[in-house]
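What the coordinates show
Each chain is listed here by its residues.
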Amino acid sequence: MMIPLFLTMLLLTTITSIFIYQRTNQEVHLVLALFTAIIFLIWGLAIAHWSIHILALLALLCIRIPLFSPKTIKIYEK
């Protein structure tokens, strides 16, 4: 009973801090939203079924991020 209640409260905290950040200009709410979202993600992955981990690994292996792709650099100009 405690784990679903904790995850629900963590999700509500994340969503509320995002809404408060969008309505104000205070960076505290952005930091709160980011940290609670990171904790929520880590906690969710820790209690997830192994099939979810396999699907996430396959998705990460299939996604090509242009930031990490190698770029050719010309050393000598002709």
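This section reports on the structure supplied with the text.

Basis of the calculations
- Residues numbered from 1 in each chain as written.
- Predicted model: local features only at pLDDT ≥ 70, side-chain atom pairs only at ≥ 80, totals over all residues.
- Heavy atoms only, no water.
- Helix = DSSP H or I, 4+ residues; strand = E, 2+ residues; numbered from the N terminus.
- Buried < 20%, exposed > 50% of the residue type's maximum accessible area, 1.4 Å probe, protein only.
- Areas by Shrake-Rupley, 256 points an atom, 1.4 Å probe, with all protein chains shown as cover.
- Expected span 1.5 Å × (residues − 1).
- Arc of directions from axis to C-beta.

Within the chain, the secondary structure is distributed over three helices and zero strands. The order of helices and strands in the chain, counted from the N terminus, is α-α-α. Buried positions account for 9% of the 78 residues belonging to the chain. For the chain, the accessible area works out to roughly 7500 Å², and carbon and sulfur atoms hold 75% of it.

Working note: α-helix, 3.6 residues per turn, so residues spaced by three or four point in the same direction. For helix α2 (residues 27-46), built from 20 residues, the straight-helix expectation of 28 Å at 1.5 Å per residue is met to within 8% by its first-to-last C-alpha distance of 29 Å. Among the residues of α2, those classed as buried are H29, A33 and T36. For α2, the angular spread of the buried residues around the axis is 80 degrees, confining them to a single face. Of the exposed residues in α2, the ones pointing more than 90 degrees away from its buried face are F35, L41, I42 and A46.

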